[in-house]
Amino acid sequence: DTGVSQDPRHKITKRGQNVTFRCDPISEHNRLYWYRQTLGQGPEFLTYFQNEAQLEKSRLLSDRFSAERPKGSFSTLEIQRTEQGDSAMYLCASSSPDRAGILYEQYFGPGTRLTVT
Amino acid sequence: AQKVTQAQTEISVVEKEDVTLDCVYETRDTTYYLFWYKQPPSGELVFLIRRNSFDEQNEISGRYSWNFQKSTSSFNFTITASQVVDSAVYFCALSLNSGGYQKVTFGTGTKLQVIP
């Protein structure tokens, strides 16, 4: 088990460009989450997938953001027409399915640090 | 609405001192989970502990211990005999089962600096 991986680790882009990030969760985890973290803050929830279905989206996720998990394995997060305010660390996490009502912890990837110039 | 408050923004201690990180949470749900995560300078969040709302037993794992008190809505984390490697940002988080998925709210974190 190699843990949650994210690619790229760093991305610098110019305002107005589109960017796409990838997340590979732990293989047996069917739940996948995207978060955004800005300096001095805790992670903020963006969206959640159970298998390939996107079941929840935060109001933080504007129309310029889209996420997919086409085969229930890896996921991509795309930001269109990036703005300077999009500069942040984008974190992906995965977790096991609930069993007998137990919520399991989320395991986080190393994150993708986005800088919009 | 759920909320997690970590009032201590930064703490500095000298190596081998004990340190307690405070966490106060708010929720109207009776079933919830509390977590602590560590974020070292490398940036990756590392899971430390999970505790459900029905289990108020304190837990000890090596130099780490956690004190969960529902009466005060607190879930504090103590590091005994701190080491330089403990330097990191520590996040407390609250999770509800919202329609079948974990709705997790993180606190703003406490930055711990352990001075050699």
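Residues numbered from 1 in each chain as written. Chains lettered and ligands numbered in written order. Predicted model: local features only at pLDDT ≥ 70, side-chain atom pairs only at ≥ 80, totals over all residues. Heavy atoms only, no water.

Draft legend 1. Broad picture of the overall build of chain B. When you go through chain B residue by residue, the secondary structure sums to 0 helices and 12 strands. Against the globule reference of 13 Å for 116 residues, chain B gives a C-alpha radius of gyration of 14 Å, in line with a compact fold. With the C-alpha coordinates aligned to their principal axes, the bounding extent of chain B is approximately 45 × 30 × 20 Å. Sorting the 116 residues of chain B into buried and exposed places 45% on the buried side. Nonlocal contacts in chain B, meaning residues at least 24 apart in sequence, comprise 55% of its contacts between residues at least 6 apart. (Helix = DSSP H or I, 4+ residues; strand = E, 2+ residues; numbered from the N terminus. Rg over C-alpha atoms; globule rule 2.2 N^0.38 Å. Buried < 20%, exposed > 50% of the residue type's maximum accessible area, 1.4 Å probe, protein only. Contact = heavy atoms within 4.5 Å.)

Draft legend 2. Quick peek at the overall build of chain A. When helices and strands are tallied, chain A shows 0 helices and 11 strands. Over its C-alpha atoms chain A spans a radius of gyration of 14 Å, differing by no more than 12% from the 13 Å that the globule rule assigns to 117 residues. Along the first, second and third principal axes, the C-alpha atoms of chain A reach 45 × 25 × 25 Å. Excluding contacts between residues fewer than 6 apart, the proportion of contacts in chain A whose partners are at least 24 apart in sequence is 55%. As displayed, chain A has an accessible area near 5,900 Å², and 44% of this comes from carbon and sulfur atoms. (Areas by Shrake-Rupley, 256 points an atom, 1.4 Å probe, with all protein chains shown as cover.)

Draft legend 3. Up close: the pattern of salt bridges. Residue and element names in this part refer to chain A. This model, assessed by the stated rule, comprises 7 salt bridges over all chains. The partner of Glu-83 in a salt bridge is Arg-64, and the shortest N-O contact between them spans 3.4 Å. Residue Glu-83 is found in the loop between β8 (75-79) and β9 (88-95), and its partner Arg-64 is found in the loop between β6 (53-57) and β7 (65-68); the two are separated by 19 residues along the sequence. With relative accessibility at 11%, the residue Arg-64 sits in the buried group. (Salt bridge = Lys/Arg side-chain N within 4 Å of Asp/Glu carboxyl O.)

Draft legend 4. Structural detail: the nonpolar core. The biggest cluster of nonpolar side chains holds 25 residues, and the ones touching the most others in it are Trp-36, Trp-66, Phe-75, Phe-77, Tyr-90 and Leu-112 of chain B. Looking at this core, the elements that each hand over two or more residues are β2 (10-14), β3 (19-21), β5 (33-39), β6 (46-52), β8 (64-69), β9 (74-79), β10 (88-98) and β12 (110-115) of chain B. Residues contacting Tyr-90 of chain B, with those up to four places away along its chain left out, are Gln-6, Leu-21, Trp-36, Tyr-37, Lys-38, Leu-48, Tyr-64, Phe-77, Ile-79, Gly-109, Thr-110 and Leu-112 of chain B. Among the nonpolar cores identified, the runner-up in size contains 19 residues, and Leu-32, Leu-61, Ala-67 and Leu-114 of chain A belong to it. (Core = buried A, V, L, I, M, F, W, Y, C linked by side-chain atoms within 4.5 Å.)

Draft legend 5. How the structure looks around the environment of Asn-58 of chain B. All names here are of chain B. Along the chain, Asn-58 turns up in the loop between β6 and β7 (59-61). Under the relative-accessibility criterion, Asn-58 is labelled partly exposed at 48%. In this structure the C-alpha to C-alpha distance between Asn-58 and Leu-48, which are 10 residues apart in sequence, comes to 14 Å. In contact with Asn-58, not counting residues within four places along its chain, are Arg-51, Trp-66, Asn-67 and Phe-68. Within the structure, the side chain of Asn-58 is placed 3.2 Å from the side chain of Asn-67, a separation counted as a polar contact. (Polar contact = N/O pair within 3.5 Å; in protein donor to acceptor, adjacent residues only side chain to side chain.)

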